[in-house]
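# A closer look at the structure
Here are the chains, one letter per residue:
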Amino acid sequence: MKNELIVTTEKFVRSELGEDATGHDWYHVDRVRRNALHICKKEMTGDPFIIEIAALLHDIPDEKLNESVAAGRAKLSSYFQTIALPEKDRNHITEIIESISYKGGKRTALLSVEAKIVQDADRLDAIGAIGIARAFAYGGKKGQLIYDPSIAVREEMTVEEYRKGKSTSIHHFYEKLLKLKDLMNTNTAKKLAVSRQQMMAEFLEQFYQEWDGQDL
Ligand code: ADP
Ligand code: NI
């Protein structure tokens, strides 16, 4: 039964996000699911079924991938109408998904251990080599520059500024990606974040060297 729900949910997510070119494609979702189940096993806590379904659905209502916040919510709730999932689980999964988004660093209280695990899993996929690739894919698709040294880095910003303000993909490292290591909830994710953080730091160092022609 549970297995069937997972397979049905995988199919739904593949059909919704499969072709997304902003780094929120099916393979992102699949990595988040795998990361989340790994953390759950290592930490020996959380309900693996809730974690897996929440990980699979976590980007479905994302406002970036929908017309509006309301349209995203509607997409998730209409999917729930098509499957036999107890209301308690449905509410828990919805709450997890709504609470884990970064939104410019504004912290929302995470209500459950499952939410903490899915958030860490999603954040692990935003850093390291994969994180670098995703940031430039997102930036390209949204039409922003790779880098523009004349734009100031925004340390503090509202959700609106975070989504709409002028920025570049290199700026996104300072606005979000480099901060994630210290925001991890679980020890397992904290450990995994160390080498991924190192990778981003080395990448940025080399990037500026080449930008300034210091290696010529
Ligand atoms: P959340 O949905 O948790 O708020 P984001 O909106 O930051 O997270 O989006 C998730 C991923 O999309 C990021 O990890 C990053 O790879 C990419 N992304 C989002 N905003 C930008 C941006 N301005 N520049 C480059 N990449 C971005
Ligand atoms: Ni995600």
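Let me sum up the structure you'll find in this document. (Residues numbered from 1 in each chain as written. Chains lettered and ligands numbered in written order. Predicted model: local features only at pLDDT ≥ 70, side-chain atom pairs only at ≥ 80, totals over all residues. Heavy atoms only, no water.)

## Remarks on the nonpolar core
Defined as follows: The criterion is simple. A nonpolar core is a set of buried Ala, Val, Leu, Ile, Met, Phe, Trp, Tyr and Cys residues joined through side-chain atoms within 4.5 Å. Buried means the residue's accessible area, taken with a 1.4 Å probe over protein chains only, is under 20% of the maximum for its type, while exposed means over 50%, and partly exposed covers the values in between. Only DSSP runs of H or I reaching four residues or more are called helices, and only runs of E reaching two or more are called strands; each is numbered from the N terminus. Any two residues having at least one pair of non-hydrogen atoms within 4.5 Å are treated as being in contact.
Counting 50 residues, the largest nonpolar core has Val-13, Leu-57, Phe-80 and Ile-93 as the members making the most contacts within it. Ranked by residues supplied to this core, first place goes to helix 3 (residues 48–57) with 8 residues. In this structure Ile-93 touches Ile-50, Ile-53, Ala-54, Leu-57, Phe-80 and Leu-85, once residues within four positions along its chain are discounted.

## Here we look at unusual backbone geometry
The phi angle at Met-44 is positive, at roughly 50°, despite the residue not being glycine. Residue placement: Met-44 occurs in the loop between helix 2 (26–43) and helix 3. For Met-44, a relative accessible area of 75% corresponds to the exposed category.

## Comments concerning the site of ligand 1
Threshold: By convention in these notes, a residue is near a molecule or strand provided one of its non-hydrogen atoms lies within 4 Å of it. Between N or O atoms, a polar contact is any pair within 3.5 Å; within protein, one atom must be a potential hydrogen donor and the other a potential acceptor, and residues adjacent in sequence are included only when both atoms are from side chains.
Contacts to ligand 1 come from 16 residues, most closely from Ser-101, Gln-144, Tyr-162, Arg-163 and Lys-176. In this structure, a nitrogen atom belonging to ligand 1 sits 3.4 Å away from a side-chain N or O atom of His-172. Between ligand 1 and Lys-176, the relevant distance is 2.8 Å, taken from an oxygen atom to a side-chain nitrogen or oxygen of the residue. Elements with a minimum of two residues in the shell around ligand 1: helix 7 (128–142) and helix 8 (159–164).

## Let's talk about the coordination of the nickel ion (ligand 2)
To be explicit about the condition: We call an atom a donor if it is N, O or S and sits within 2.8 Å of the metal, or 3.2 Å for Na, K and Ca. Water is not counted, so some sites may look partial. A four-donor site is called tetrahedral if each angle lies between 85 and 135 degrees; a four-donor site is square planar, and a six-donor site octahedral, when trans pairs exceed 155 degrees and the remaining angles lie between 65 and 115; all other cases are labelled irregular.
Ligation of the nickel ion (ligand 2) by protein atoms is provided by His-28 (NE2), His-58 (NE2), Asp-59 (OD) and Asp-122 (OD), these donors lying 2.1 to 2.5 Å from the ion. Around the nickel ion (ligand 2), the 4 donor atoms are arranged such that angles at the metal cover 81 to 169°; this shape is classified as irregular. Look at where the donors of the nickel ion (ligand 2) fall in the sequence and you get H-x29-H-D-x62-D.

## Focus: the packing of helix 2 against helix 10 (residues 187–211)
A pair of packed helices is captured by two measures, namely the crossing angle of their axes and the spacing between those axes. Heads up, the condition is: Fitted lines through C-alpha atoms serve as axes, helices being fitted only where they are in contact, and the angles separating the N-to-C directions of these axes extend from 0 to 180 degrees. Between 65 and 115 degrees an angle is taken as roughly perpendicular, under 35 as roughly parallel, over 145 as roughly antiparallel, and anywhere else as oblique. Residues are grouped as follows: Ala, Val, Leu, Ile, Met, Phe, Trp, Tyr, Cys and Pro are nonpolar; Asp, Glu, Lys and Arg are charged; all remaining types, including Gly, are polar.
Relative orientation of the contacting elements helix 2 and helix 10 amounts to 125°, with a least axis distance of 9 Å. Of the possible angle classes, the one that applies to helix 2 and helix 10 is oblique. Where helix 2 approaches helix 10, its residues His-38, Ile-39, Lys-42 and Glu-43 are matched on the opposing element by Asn-187, Thr-188, Ala-189 and Leu-192. Broken down by class, the residue content of the contact of helix 2 with helix 10 amounts to 3 nonpolar, 3 polar and 2 charged.

## Describing helix 10
Cut-off, in case you're wondering: Each helix should span, by expectation, one fewer than its residue count multiplied by 1.5 Å. One axis is fitted to the seven residues ending at the residue and one to the seven starting there. The bend at that residue is the angle between these axes.
The terminal C-alpha atoms of helix 10, which comprises 25 residues, lie 36 Å apart, in line with the 36 Å expected from a rise of 1.5 Å per residue. Bending of helix 10 peaks at approximately 30° at the position of Val-194. Those residues of helix 10 that sit buried are Thr-188, Ala-189, Ala-193, Gln-197, Met-200, Leu-204 and Phe-207. Looking at the buried side of helix 10, the elements it contacts are helix 2, helix 6 (113–124), helix 7 and helix 9 (169–175). Of the residues flanking the end of helix 10, it is Gly-213, one or two places downstream, whose phi is positive at about 70°.

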